[in-house]
Amino acid sequence: MHGVTVIEDPAAAEASLDPIRARLLAELAEPASASALAARVPGLTRQKANYHLRALEHHGLVELVEERRKGNCTERVLQATAASYVISPSALSAVAPDPAREPDQRSARWLLALAGRLVDDVGRLITRSAAAGRPLATLGIDSEIRFGSAAERAAFAAELAEAVNGLVAKYHDETAPGGRPHRFVVALHPTITINKEDPQP
């Protein structure tokens, strides 16, 4: 089982968004049969569980772990192929976000389009590296900073841009033989706060 898988196929995305199938994917973090799932999920019969499991298996969202003989029947035990799933914007290719369509590069919508492209790009790279049996070199930094004022936030952004531009200029080599371009993305947005009155997940 993978930690996270990116869903690129529109039909697979549709299958995963069905409420019952999404619940089954969560339940299948551990291997289970249709009978076991029917006992766990209210209102779900074994026949309905089998129907949904076949659809999920068809799209590669669950996989067969083992088959067990029970009298004259064979019980199929399945497990989700990943602990978590992310739907790539490419699943909605006609309306996928494109940073080039957002002229204001300081807007939240441009940042969202950038994040969508990041999910799409990394999802494709994961698929290709898995098919080639080669590791994928990436870098991710996740941090949180509390600014005392809007002026401090602006000063931080200016210093960060200067530092990043300096590093890019230092290491970028357009003529390096065998060199490979890498996309570098930096994002900053307010942290989502949870009020005591808000419903907890």
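Whatever comes next refers back to the structure up there.
Residues numbered from 1 in each chain as written. Predicted model: local features only at pLDDT ≥ 70, side-chain atom pairs only at ≥ 80, totals over all residues. Heavy atoms only, no water.

A. Summary view of the overall build of the chain. A tally of regular secondary structure across the chain gives 6 helices and 5 strands. Secondary structure elements of the chain, listed N to C terminal, follow the sequence β-α-α-β-α-α-β-β-β-α-α. Computed over C-alpha atoms, the radius of gyration of the chain comes to 22 Å, more than 25% over the 17 Å expected from 2.2 N^0.38 for 201 residues, which places it beyond the range of a compact globule. Expressed as lengths along the three principal axes of its C-alpha atoms, the size of the chain is roughly 70 × 55 × 30 Å. Here the chain holds 201 residues, and 23% of them are scored as buried. In the chain, once contacts between residues fewer than 6 apart in sequence are set aside, the share between residues at least 24 apart is 58%. (Helix = DSSP H or I, 4+ residues; strand = E, 2+ residues; numbered from the N terminus. Rg over C-alpha atoms; globule rule 2.2 N^0.38 Å. Buried < 20%, exposed > 50% of the residue type's maximum accessible area, 1.4 Å probe, protein only. Contact = heavy atoms within 4.5 Å.)

B. Focus on the nonpolar core. Formed by 19 residues in total, the largest nonpolar core has its most connected members in L24, L25, L28, L37, L53, L56 and V62. Looking at this core, the elements that each hand over two or more residues are α1 (10-17), α2 (19-27), α3 (34-40), α4 (46-58) and β4 (73-80). Beyond its immediate stretch of four places on either side in the chain, V62 contacts L25, L28, L53, L56, E57, L78, Q79, A80 and T81. (Core = buried A, V, L, I, M, F, W, Y, C linked by side-chain atoms within 4.5 Å.)

C. Representation of the side chain of R21 within the structure. Summarising the element assignment, R21 is placed in helix α2. It turns out R21 is buried and unbridged, and the closest side chain with the opposite charge, D18, is 4.4 Å from it. A polar contact is formed between the side chain of R21 and the side chain of H52, at a distance of 3.0 Å. R21 has contacts with A15, Y51, H52, A55 and L56, leaving out every residue within four places of it along the chain. (Lys, Arg positive; Asp, Glu negative; His and termini not counted. Salt bridge = Lys/Arg side-chain N within 4 Å of Asp/Glu carboxyl O. Polar contact = N/O pair within 3.5 Å; in protein donor to acceptor, adjacent residues only side chain to side chain.)

D. Structural context of the pattern of salt bridges. Applying the stated criterion across every chain, the model contains 8 salt bridges. Linking R76 and E57 is a salt bridge whose minimum nitrogen-to-oxygen distance equals 3.0 Å. Taken together, the residues R76 in strand β4 and E57 in helix α4 connect sequence positions 19 residues apart. A salt bridge links D120 to R124; the shortest N-O distance between them is 3.1 Å. In this pair, D120 and R124 are both assigned in helix α5 (residues 108-132), 4 residues apart and thus about one turn of the helix distant.

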